[in-house]
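# Coordinate inspection notes
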Amino acid sequence: MGEEEEQIGRMLHFFQDLSNFVDRINSVVLSIVQQLTSLYQARQRMYISTFRHVHLKPVFASLSAVIRVLMTLDLLVTENDCIVSAWLAYKKMMQVVRADPERFGWSAARVKRFEKLLVSLDSTVLAGAMFQFCVEADFEAPQEDDGGGGGGKRIDITDNQVFLDEFFRLLSEDLDENVSGVGHSAETDHRLRLMGTFGLYVLYRRLVPQNLRPDEKFYKRMWEVQMVAPCVPVCGKLSWFPADFLRQHAPPPIKLQKLKPSDPASFRREYLKAVQKKFAPRVLSLHKGLCQWCVRVHGNCRPVSQLRGAPLPNVLAEQSAIVVSGLLLCYRVRNCLEEFMSLHLALDASISRSSIENIGRCVEVLKGLQLTFHSHEAVLAQGVSSMMAQLKAGMKRMLMPLRQRLSASRKMDDTKIDVLAAVTLIDDVFEGCQIMSYTRCCVTELALRVVLMDGIVKPDVARELARTLQQIKLLAEWQTHVKRATDMSGLYWSREMLAPLFKSLYQKGGEEAFRIPYILAAFSDPLPLIESMLHEDDTGATK
């Protein structure tokens, strides 16, 4: 048995767990689609009274997120040559085991059971076909109940025009929101969310009648996403290309010559040149942003007892703004660095010496943000519940006129009752606990979609409510966001830059030696990932 076969053998338990996880995702996707189909029915009472005006955007966003997980897993498998070659070697070894199982201490029945497991892994997980398997499922088939029975009436999705129209509407809104967010000062993970949007589009193409010609205008909009994001960094050195994905899973309804860009490969080269030209000014601007933000932090993020004379609401509002602006700055730095690095890795382009110095400066900014957050973590953690309480009080004030108007109404129909119940639910969630957990945020977001149905609140109030809830969600998980945005594990695949970075620092006579700890901290981020690997037997080799 060779080294590759041994590595696959050590990873089989993990691959089986991954297969179970993928099966669970497929079940969740199927359940969400079928429940939404049952809800958005033209003759359904709840749809007529309420949900014809309600757009469950959070549900579609969650559906997009789980589909993106499958797309990411496919990339991890197909882009890893070691997994592909080792799996082929392992399958060849199993042919020898099948021919003479007693030689390896196995019975023929055990070999047969084991091969069933391998066939299951070979057709989905290790074939990089998890996303395809999910979207090609029979969504109209009734799900099996707990007793294992498969009986039941088929769910009509293809002919449910109400559901398909709602799906397309939210898909279009999601595309516009993510495209407009790329490059914006408030951008977070909009590029990654584009992956889920494209996955939803493929799912939509599978759900509509197959004899229906795809919308050419919408396909052009999807194709033109490359103009702002031709390459999306996923994780590590992996990148996702919108054009390649569309051509593989959703063939264009028109000729490629009519689409812009007509040649995605050459456009990526041109886009890389533009990114290289803008990289140095962007890094300089981000470094200035770090300095300005640090001044605000050291001046305002102190215990409330030390801020005498300042009104408490003003102090909390300023600290809340500092946390949110710091998180957005972390994401801006990360997106700038990932865009530059992923394009060079994907296109196998060389990086100039001056660019390496700017990459070091970018890493320094990101780690500076992380350490500043860490040094003020006690103060921020102490006041974050009060910051959220202030934001929740602001939302309740905006919803109070609506609640009073509905409570005073003498004639209550189903729509008004549902809106009043949603407002009451938001109040109960806000009053129940100071900390907003993920579940509480989800419940609040879903209830808010009922409140924001057409014709209930004014557009400016609706935008303010959505903006405030977004701030609450950022504050509720600010530590998670800081960790996610400042994690530089991807530098493992660019570790060759460490020596040139140190060389450029030492050539300056020690004037910038203070930058060394930040760079070392960034290049140390991959260590937990390396120590957790399963395919190597010698776990002490990384220590």
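Residues numbered from 1 in each chain as written. Predicted model: local features only at pLDDT ≥ 70, side-chain atom pairs only at ≥ 80, totals over all residues. Heavy atoms only, no water.

## Structural notes on the overall build of the chain
When you go through the chain residue by residue, the secondary structure sums to 21 helices and 2 strands. The C-alpha radius of gyration of the chain comes to 27 Å, within 12% of the 24 Å expected for a compact globule of 543 residues. With respect to the three principal axes, the spread of C-alpha positions in the chain is 80 × 75 × 55 Å. By residue count, 45% of the 543 residues in the chain fall in the buried class. Here the contacts in the chain between residues at least 6 apart in sequence split such that 76% fall between residues at least 24 apart. Accessible surface for the chain amounts to roughly 28300 Å². Of this, 54% is attributable to carbon and sulfur atoms. Treating the 67 positive side-chain charges of the chain as one cloud and the 62 negative ones as another, the clouds have centres 6 Å apart. (Helix = DSSP H or I, 4+ residues; strand = E, 2+ residues; numbered from the N terminus. Rg over C-alpha atoms; globule rule 2.2 N^0.38 Å. Buried < 20%, exposed > 50% of the residue type's maximum accessible area, 1.4 Å probe, protein only. Contact = heavy atoms within 4.5 Å. Areas by Shrake-Rupley, 256 points an atom, 1.4 Å probe, with all protein chains shown as cover. Lys, Arg positive; Asp, Glu negative; His and termini not counted. Charge placed at Lys NZ, Arg CZ, Asp CG, Glu CD.)

## Remarks on the pairing of strand S1 (residues 232–235)
Pairing of S1 with strand S2 (residues 238–240), which is carried by 3 bridges, proceeds in the antiparallel orientation. Of the residues in S2, the one forming a bridge with Pro233 is Ser239. In this antiparallel pair of consecutive strands, S1 and S2, the connection spans 2 residues, and Gly236 shows a positive phi of 60°. (Pairing = 2+ DSSP bridges.)

## Focus on the packing of helix H1 (residues 3–39) against helix H3 (residues 57–78)
It is at 11 Å that the axes of H1 and H3 come closest, and there the two elements cross at 150°. Regarding the angle of H1 to H3, the classification is roughly antiparallel. The handedness of the crossing between H1 and H3 is left-handed. Mapping the contact onto sequence places Leu18, Phe21, Val22, Ile25, Asn26, Val29, Ile32, Val33 and Leu36 in H1 and Val59, Phe60, Leu63, Val66, Ile67, Val69, Leu70 and Leu73 in H3. (Axes fitted to C-alpha atoms, helices over the stretch in contact; angles between N-to-C directions. Parallel < 35°, antiparallel > 145°, perpendicular 65-115°, else oblique. Left-handed = near helix turned anticlockwise from the far one by under 90°.)

## Details of the packing of aromatic side chains
Applying the stated criterion to the full structure yields 19 aromatic pairs. With a centroid separation of 5.3 Å and an interplanar angle of 90°, the aromatic rings of Phe60 and Phe167 are classed as edge-to-face. Remark: Phe167 occurs in helix H7 (residues 161–181) and Phe60 occurs in helix H3; sequence separation between them is 107 residues. Each of the two residues, Phe60 as well as Phe167, counts as buried. Counting every residue linked through ring pairs, the aromatic cluster contains Phe60, Phe163, Phe167, Phe168, Tyr201, Tyr204, Phe218 and Tyr219. The lysine or arginine in question, Arg110, covers the ring of Trp106, its NZ or CZ lying 4.3 Å from the ring centre. (Phe/Tyr/Trp six-rings, centres within 6.5 Å; stacked < 30°, edge-to-face > 60°. Lys NZ or Arg CZ within 6 Å of the ring centre and 35° of its normal.)

## So, the pattern of salt bridges
With the rule as written, the count across this model stands at 28 salt bridges. The partner of Glu177 in a salt bridge is Lys57, with the nearest N and O atoms 2.5 Å apart. Taken together, the positions of Glu177 in helix H7 and Lys57 in helix H3 put the pair 120 residues apart, joining distant regions of the chain. Given the relative accessible area of 30%, Glu177 is considered partly exposed. According to the relative accessible area criterion, Lys57 is partly exposed, its value standing at 26%. The shortest N-O distance in the salt bridge between Glu464 and Arg467 comes to 2.5 Å. Within this pair, Glu464 and its partner Arg467 are both found in helix H17 (residues 459–476), separated by 3 residues, close to a single helical turn. Under the relative-accessibility criterion, Glu464 is labelled partly exposed at 30%. Where salt bridges share partners, they join Lys57, Glu177, Asp189 and Arg193 into one cluster. (Salt bridge = Lys/Arg side-chain N within 4 Å of Asp/Glu carboxyl O.)

## Examining the confidence of the model for the chain
The pLDDT averaged across the chain works out to 90; a share of 96% of its residues lies at or above 70. When pLDDT is averaged over each helix and strand of the chain, the minimum, 86, is found for helix H21 (residues 527–531) and the maximum, 96, for helix H8 (residues 190–207). (pLDDT = per-residue confidence, 0-100.)

## A few points about helix H5 (residues 108–123)
Here H5 contains 16 residues, and its C-alpha end-to-end distance of 23 Å stays within 8% of the 22 Å for a straight helix at 1.5 Å per residue. Regarding H5, the residues found buried are Val111, Phe114, Glu115, Leu118 and Leu121. When H5 is viewed along its axis, its buried side chains cluster within an angular range of 115° and face the same direction. Turned more than 90 degrees away from the buried face of H5 sit Lys112, Arg113, Lys116 and Val119, all of them exposed. Buried residues along H5 sit against H1 and helix H4 (81–99). (Expected span 1.5 Å × (residues − 1). Arc of directions from axis to C-beta.)

## Some points on unusual backbone geometry
Of note, the bond from Lys260 into Pro261 is cis; its omega dihedral lies within 30 degrees of zero at 0°. Mapping Pro261 onto the fold places it in the loop between helix H10 (242–249) and helix H11 (264–300).

## Side note on the side chain of Glu5
Counting through the fold element by element, Glu5 comes out in helix H1. The residues contacting Glu5, other than those within four sequence positions of it, are Ala89, Tyr90 and Met93.

## Details of the environment of Val54
Here Val54 lies in the loop between helix H2 (45–51) and H3. Here Val54 falls in the buried class, since its relative accessible area comes to 0%. When residues no more than four places from it in sequence are discounted, the contact partners of Val54 are Tyr40, Glu166, Arg449, Val450 and Met453.

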